[in-house]
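# Descriptive analysis of the structure
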Amino acid sequence: MVQSIDPSLLSVLLFYTVVLSAVILSSAKLAGMVVLTHTRTQLIMSFVSGLMLGIAIFHLLPHAIYTIGTPAAVDIVAGWTMVGLLAMFLLLRVFHFHHHDLADDAHDAHCVEQPEQDSETGIGEHEDSKKSNLAWVGVAFGLTLHTMVDGVALAASMQADLLFMGEPTGFALLGIGVFLAILLHKPLDGLTISALMITAGTSAKARGLVLLVFALICPLTAAAVLWSLESIVDSSSLYVGSALAFSAGVFLCISLSDLLPEVHFHSHDRVKMTVVLLLGIGLALAISAVEPAHRHAPKPASMQSSLLYEH
Ligand SMILES: [Zn+2]
Ligand SMILES: [Zn+2]
Ligand SMILES: [Zn+2]
């Protein structure tokens, strides 16, 4: 018989779904009221990318290793991290969907030369507008895959937390670190979508609907992954750990792809941006304190385990 998702996982996932939807919709409203200048966008991005970077390195990687829990774990995790990183890198290379900074002043912030096609004849602009129909589809496709992969990361970290806890007692915030990273990152993706739709002349209502669907894809994918982990592959720690390592690679790629362009092309507000980046990384470290299970030390010998980290 097909198994259903563990009720404790399901209730947490429902809670996350409500919070994520509310945050995406209200941040879209907020973005309409506050002028998102280039510097403000970059400051938000630095903080959120710092959080994702910290979650990848301080949580997803160690969680993956401890979840697999065999001497081969480190090599398996290294392999899957590379797969995740490359997969997201190639997606970015093909679909160019992850450009959040759409402020009007993005290109004249003390910075670089204008992009080549803007100069002189404007021939490039024509090429751009010809391409833009296809570009829209690429961005939509890329962002959909991006939010689905986030769903995989969320499911894997929730399942890993559950595996570690054994029998959950009451409502535990399973996968809270990954959820927080997704929660704070998604409004940035939402900005990209809103900007595209505003350019296309859509109504605010239609934008809200698309954002809501976009928000729901993540937990729906998480539910599908949790279900298949329970009923198809039997939540083996090898699968869950590999999915965590894959997600670590994805988070590394996404956060650095958001951070690096600013480093390469601009030199304004460097101190502020570094401080918020460190704050984001600090938040990732602080999340260890509220994680439901003790994921960062070897299991005590009393618990049944195949862990070989204790000598
Ligand atoms: Zn952790
Ligand atoms: Zn994104
Ligand atoms: Zn800048």
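Calculation rules
Residues numbered from 1 in each chain as written. Chains lettered and ligands numbered in written order. Predicted model: local features only at pLDDT ≥ 70, side-chain atom pairs only at ≥ 80, totals over all residues. Heavy atoms only, no water. Donors = N, O, S within 2.8 Å, 3.2 Å for Na, K, Ca; no water. Helix = DSSP H or I, 4+ residues; strand = E, 2+ residues; numbered from the N terminus. Buried < 20%, exposed > 50% of the residue type's maximum accessible area, 1.4 Å probe, protein only. Salt bridge = Lys/Arg side-chain N within 4 Å of Asp/Glu carboxyl O. Phe/Tyr/Trp six-rings, centres within 6.5 Å; stacked < 30°, edge-to-face > 60°. Core = buried A, V, L, I, M, F, W, Y, C linked by side-chain atoms within 4.5 Å. Contact = heavy atoms within 4.5 Å. 1 Å grid on protein atoms, 1.4 Å probe; cavity = no way out; pocket = protein on both sides within 12 Å on 5 of 7 lines; lining within 4 Å. Points joined across faces, edges and corners; volume = space filled by probe spheres on them.

## Some thoughts on the coordination of the zinc ion (ligand 3)
- Around the zinc ion (ligand 3), the protein supplies His38 (NE2), Glu262 (OE), Glu262 (OE), His266 (ND1) and His268 (NE2) as donor atoms, at distances of 1.7 to 2.6 Å.
- In terms of primary sequence, the donors binding the zinc ion (ligand 3) are separated according to H-x223-E-x3-H-x1-H. Note that histidine 38 is positioned in helix α2 (residues 38-68) and glutamate 262 in helix α7 (residues 237-265), a separation of 224 residues in sequence.
- By relative accessible area, which is 9% here, glutamate 262 ends up buried.

## Here we look at the pattern of salt bridges
- Following the criterion strictly, the structure yields three salt bridges and no others.
- Among the ionic pairs, lysine 186 bridges to aspartate 189, the shortest N-O distance being 2.8 Å. Here the residue lysine 186 and the residue aspartate 189 both occupy positions in helix α5 (residues 176-199), the gap between them amounting to three residues, near one helical turn. Each member of the pair lysine 186 and aspartate 189 is classed as buried.
- Linking lysine 272 and aspartate 269 is a salt bridge whose minimum nitrogen-to-oxygen distance equals 3.4 Å.
- Judged by relative accessible area, which is 48%, lysine 272 ranks as partly exposed.

## Examining the packing of aromatic side chains
- Under the criterion given, the structure shown has three aromatic pairs.
- Judged by centre distance (6.1 Å) and plane angle (45°), the rings of phenylalanine 15 and tyrosine 16 are tilted.
- Owing to a relative accessible area of 39%, phenylalanine 15 belongs among the partly exposed residues under this scheme.
- Judged by its relative accessible area of 2%, tyrosine 16 falls in the buried class.

## Re the nonpolar core
- Grouped together as the largest cluster of nonpolar side chains are 64 residues, with contacts concentrated most on Leu20, Ile55, Met88, Leu154, Met158, Val178 and Phe251.
- Residue assignment for this core shows that the elements contributing at least two residues are α1 (7-33), α2, α3 (73-95), α4 (123-165), α5, α6 (204-231), α7 and α8 (270-286).
- Beyond its immediate chain neighbours, meaning those up to four positions away, isoleucine 55 contacts Leu60, Gly177, Val178, Ala181, Phe251, Ala284 and Ile287.

## Digging into empty space enclosed by the protein
- Tallying each qualifying case throughout the model produces one cavity of 30 Å³ or more.
- A volume near 60 Å³ is recorded for the largest cavity.
- If you list the elements that add at least two residues to the lining of the largest cavity, you get α2, α4 and α5.
- It is α2 that provides the largest number of residues to the lining of the largest cavity, a total of four residues.

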